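Residues per chain, in single letters:
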Amino acid sequence: MDQKPKQMPKGFLWGAATSAYQVEGAAAEDGKKLSQMDVLNQNTGFSDASIASDHYHRYKEDIALMKECGFNAYRFSFSWSRIFPDGVGDVNPKGVAFYDDLIDELLRDGITPVPTIYHYDMPMALVEKYDGWISRQSVEDFASYGEFLILRYGDRIKNWLIINEQSIIVEFWKKKNYIPPKYHDNPQIKFQINHHMNLAQAKVSSLIHKYVKEGRAGSAIGYSPVYGLDSSPKNMLAMLNAEDLKNHFFLDIYFKGEYAPGALNYLKEQQMAPVIHEGDMEIIGEGCLDFLGVNYYASKCVKYPDKEKNHLIEAKSNLTGQKGAMGAYEVMPDFYEYIKNPNADTNDWDWTIDPDGMEYLLRDIYERYRIPMMITENGIGARDMLEADGRIHDDYRIDYWKKHLKAIHRAIELGVEVEGFLPWSFVDVLSTSNGYQKRYGLVYVNRDDEGLKDLNRMKKDSFYWYQKVIESNGALIWNTDPFVR
Ligand code: BG6
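Computed from a prediction, not measured in an experiment: that's the story for all the values here. (Residues numbered from 1 in each chain as written. Predicted model: local features only at pLDDT ≥ 70, side-chain atom pairs only at ≥ 80, totals over all residues. Heavy atoms only, no water.)

1. A closer look at the sheet that holds strand 3 (residues 112–118)
Thinking step 1. A barrel is described by the order of its strands in space; here 8 strands give the closed sequence 1-2-3-4-5-7-11-12, paired in parallel fashion. The sheet shows a mean angle of 30 degrees between the axes of neighbouring strands, taken without regard to direction.
Thinking step 2. In the sheet, strand 2 (residues 73–77) pairs with strand 3 via 5 bridges, with the strands oriented parallel. Counterpart to alanine 73 in the pairing with strand 3 is threonine 112.
Thinking step 3. The strands touched by helix 9 (residues 188–211) within the sheet are strand 3, strand 4 (159–164) and strand 5 (216–222), with strand 4 carrying the most contacts at an inclination of about 170 degrees. (Pairing = 2+ DSSP bridges. Helix = DSSP H or I, 4+ residues; strand = E, 2+ residues; numbered from the N terminus. Axes fitted to C-alpha atoms, helices over the stretch in contact; angles between N-to-C directions. Contact = heavy atoms within 4.5 Å.)

Okay, structure coming up:
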């Protein structure tokens, strides 16, 4: 029998992730102007992004906690409107200095920075100027912003994630973009936005290859493997349709430089295909990515649409945190209908809990594209409670991560290249749809939607567990002793 402890490969990246607008706060400070996320998060009934977790002022304390936990990597995102308050034109020296200091502080502590260039936060100035990603001008402006970052920080950063969760930006296009009402009834717009992001990403990928020595271009995709409800041929076809439109449609662009034909032709039939200019596919083909960041939370389940629902229905999140209160499941006519998976449990916001899905997607993606991956998000949203003993006993999170890490390890055993685990999130952050009611962090931030309190940091039980996991390079996940965490 093999007695070697089961560990992650040597050099595995261990850390966690956040994004600028969800963690930094200081939304209108030191020269920063508002982004579309700052505006979209106003008056939602939850907290806004003006202070968030106050990382802008507390980043040193936060990095000290990362060090204490044993991180050797940290995923954060640059705020475009902190660097270029108007999206283009004059650079904001204080914004640039903030990221210089953040990166240098991380490096001093032996923590590799893994930045994302764009995490939903288009500068509001560009939305006002030309409707953001809807305009083709966004491609050039994003490339200039990307070029600035690459030239400024490329001496210290090798692995770049360009766009966060493009698939989710398309699925929730009116939530992840500030879309003027005149476009609301035109779903073709979301695929046009997507095309512009494909071009923008390819341009920045080419710039990374041009300017950064040993630099690698990647993106963090929001990825859910899609299961068919059952083995009925129609439902299996619905599963293939959804895989094509939700997954291959993005990854074929990233790694083959082409649109998945099934998905693109379906969109043409539905009058939703993007306008593609001559030369666009060459730009996309030249800017293919080197690695993939995988954001995995939950798998999806589909069936062939029922007759009475066989029309376009857009997805809507669960805003209350009551199981079953999902706003709406997406339907693409004659293609697929999302449904709740009857064979898997969910968290309170109806996100399926499915560790096997992690192994499934890693193997599936690797079979199709043979590219290295790192997990750039994974986690469980929960109503964490600060107990009377001053602790946060988040056993459910430990259980969730333990099972997902085992699935990652199994995929690695079967030959998949997985380079790191950067779960969501490091400290509690402003959720994209549920304020501070839904938390993900290893570290509790003492605030809620009702009040800012003192914003103090408190290590959750998962922090102490993760510290030992990192120290053992993953071996601890196999320990069955309930008292050893
Ligand atoms: C991912 C995003 O979709 O999921 C994060 O990249 C987000 O920004 C995370 O916070 C969890 O989603 P939510 O809506 O629960 O915050």
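Now, onward.
2. Here we look at empty space enclosed by the protein
Thinking step 1. Applying the stated rule across the entire model yields 7 cavities of 30 Å³ or more.
Thinking step 2. Lining the largest cavity we find 50 residues, and of these Ile168, Phe172, Tyr297, Lys300 and Trp351 sit closest to its centre.
Thinking step 3. Mapped onto the lining of the largest cavity, the elements with two or more residues apiece are helix 8 (166–171), helix 10 (233–256), strand 8 (300–303) and strand 10 (336–339).
Thinking step 4. Ranked by residue count, the leading element in the lining of the largest cavity is helix 8, at 3 residues. (1 Å grid on protein atoms, 1.4 Å probe; cavity = no way out; pocket = protein on both sides within 12 Å on 5 of 7 lines; lining within 4 Å. Points joined across faces, edges and corners; volume = space filled by probe spheres on them.)

3. Quick notes on the site of the ligand
Thinking step 1. For the ligand, the set of nearby residues contains 15 residues, the closest of which are Gln22, Glu165, Thr432, Lys438 and Tyr440.
Thinking step 2. At 2.8 Å, a side-chain N or O of glutamate 377 approaches an oxygen atom of the ligand.
Thinking step 3. Serine 431 is positioned with one of its side-chain polar atoms (N or O) 3.0 Å from an oxygen atom of the ligand.
Thinking step 4. According to the grid-proximity analysis, the pocket containing the ligand is the largest cavity. (Near = heavy atom within 4 Å. Polar contact = N/O pair within 3.5 Å; in protein donor to acceptor, adjacent residues only side chain to side chain. Sits in = over half its atoms within 2 Å of the grid points.)

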